[in-house]
Amino acid sequence: MSLNSKMSSQPGKVLLVGAGPGDAELLTLKALKAIESADVIFYDQLVSQEIRALFPKSTPAIYVGKVKNHHSVAQTDLNQMLVEHAKRGLNVCRIKGGDPFVFGRGGEELLTLRQAGCDAEVIPGITAASGCTTAADIPLTHRGVAQGCTFVTGHGEKDLNLNWQALANLSHTLVFYMGVSKAEHIQTQLLQAGMSGHTPAAFIENGCRKNQRVVTTTVGELFQTGQEHGVQSPALIVVGEVVLMAQQLQDLVSQQSTGQPESLSA
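Description of the structure in this document. (Residues numbered from 1 in each chain as written. Predicted model: local features only at pLDDT ≥ 70, side-chain atom pairs only at ≥ 80, totals over all residues. Heavy atoms only, no water.)

Bringing the overall build of the protein chain into the picture now. When helices and strands are counted, the protein chain shows nine helices and 12 strands. Per-residue burial for the protein chain yields a buried fraction of 45% across its 266 residues. Long-range pairs, those at least 24 residues apart, make up 66% of the contacts in the protein chain between residues at least 6 apart in sequence. About 13,900 Å² of surface is accessible on the protein chain, with carbon and sulfur atoms providing 51% of the total. (Helix = DSSP H or I, 4+ residues; strand = E, 2+ residues; numbered from the N terminus. Buried < 20%, exposed > 50% of the residue type's maximum accessible area, 1.4 Å probe, protein only. Contact = heavy atoms within 4.5 Å. Areas by Shrake-Rupley, 256 points an atom, 1.4 Å probe, with all protein chains shown as cover.)

Moving on to a nonpolar patch on the surface. On the surface, Phe103, Phe151 and Met178 cluster together to form a nonpolar patch covering roughly 250 Å² of accessible area. Turning to its location among the elements, Phe103 is positioned in the loop between strand S6 (92-96) and helix H4 (106-115). (Patch = residues over 30% accessible without salt bridge, like charges linked within 9 Å, V, L, I, M, F, W, Y side chains within 5 Å. Salt bridge = Lys/Arg side-chain N within 4 Å of Asp/Glu carboxyl O.)

With parallel pairing, the five strands of this open sheet are ordered in space as S3-S2-S6-S1-S7. In this open sheet, the two strands that pair with only one neighbour each are strand S3 (61-63) and strand S7 (119-123). For this sheet, the mean angle separating the axes of adjacent strands, direction not counted, is 20 degrees. In the sheet, strand S2 (residues 40-43) pairs with S3 via three bridges, with the strands oriented parallel. Bridge assignment links Tyr43 to a residue of S3, and that residue is Tyr63. (Pairing = 2+ DSSP bridges. Axes fitted to C-alpha atoms, helices over the stretch in contact; angles between N-to-C directions.)

Turning our attention to the packing of helix H3 (residues 75-87) against H4. Contact pair H3 / H4: the axes reach a minimum separation of 9 Å and the direction vectors enclose 45 degrees. Between H3 and H4, the angle is such that the two are oblique. Regarding H3 and H4, the two cross each other, and that crossing is right-handed. Across from Gln75, Leu78, Asn79, Leu82 and Val83 in H3, the residues of H4 making contact are Glu108, Glu109, Thr112 and Leu113. In terms of residue class, the contact of H3 with H4 is built from four nonpolar, three polar and two charged. (Parallel < 35°, antiparallel > 145°, perpendicular 65-115°, else oblique. Left-handed = near helix turned anticlockwise from the far one by under 90°. Nonpolar A, V, L, I, M, F, W, Y, C, P; charged D, E, K, R; others polar.)

This part is about the pattern of salt bridges. All told, the structure shown has seven salt bridges when counted by the stated rule. Across the pair Glu121 and Lys30 runs a salt bridge, and its minimum N-O distance is 3.0 Å. Separated by 91 residues along the polypeptide, Glu121 in strand S7 and Lys30 in helix H1 (residues 29-37) bring together distant segments of the chain. Because the salt bridges share partners, they merge into one network encompassing Asp44, Arg94, Lys96 and Glu109.

This next bit is on helix H5 (residues 128-135). Here H5 has its buried residues at Ala128, Ala129, Gly131, Cys132 and Thr133. Contacts from the buried residues of H5 go to strand S8 (149-153), strand S9 (173-177), strand S10 (200-205) and strand S12 (235-239). Just beyond H5, the residue with positive phi is Asp137, at close to 65 degrees.

This part covers the state of the cysteines. Within this structure, the stated rule accounts for zero disulfides. With no disulfide of its own, Cys208 lies 4.5 Å from the sulfur of Cys132, the closest cysteine sulfur. Relative accessible area serves as the criterion here: at 12%, Cys208 is assigned to the buried category. (Disulfide = S-S within 2.5 Å.)

This next bit is on the sheet that holds strand S11 (residues 213-218). The strand order across the open sheet formed by five strands is S8-S9-S12-S10-S11, and the pairing between neighbours is mixed. On the outer flanks of this sheet lie S8 and S11, each paired with one strand and no other. Across the sheet, the mean angle from the axis of one strand to that of its neighbour is 20 degrees, orientation sign disregarded. As paired strands, S9 and S12 are joined by three bridges and run antiparallel to one another. Within S12, the residue paired with Val175 across the bridge is Val238. Relative to the sheet, H5 contacts S8, S9, S10 and S12, its axis offset from that of S12 by approximately 75 degrees.

Here is the structure:
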């Protein structure tokens, strides 16, 4: 369908939609309605093929994904494209992986749209830290183990300007987004800040997708393990004692499937 044929004298609306971590069944009903009612869809690299298959065949879908060091559309240009399409009277679905407001630059897009006088709304999505750790049987918090969790971006404009001392001593579960390429730096900084090298850690690659892979390690072996297993983005790095919960939970499933008695712990 031609976008020109859909132009209206009335301004359109832009919906910034969180697609979640990849499993189409984790889309919210509101997100699915936004996809189905859009005149045009802008989607990025982290929107899975499973979710893209739900795009109506008649709706133009424009790829604006960003791969490390290979940005197909600069963010400022994308912001302007959203404004221009809305002012042409089109209902725009800007769909992105996870949640738009968690390391998704949704705040920048929403700010630009509203400054330009466009009607714009954000539809939340399940952020990767929550969806992917749950799919890997790693609880972000657990009584007596971790009373909080901290989300950290592994990607900065130049350097990771973080308070590593605070991160190392929080006793929180730490989840690093976009951190695979910075695994050596993350390991070094946490160790220098006083975190034990024996602290459990895990890579969750392609979380919530059919090809999900979980690689467990320790902070002291984080970079080496990532290299040995060829971990690739998209992947999260999870640091904390909760990582050990996954093996306990999976062992219980194995015991049940083989008919062995369950061992109870306090």
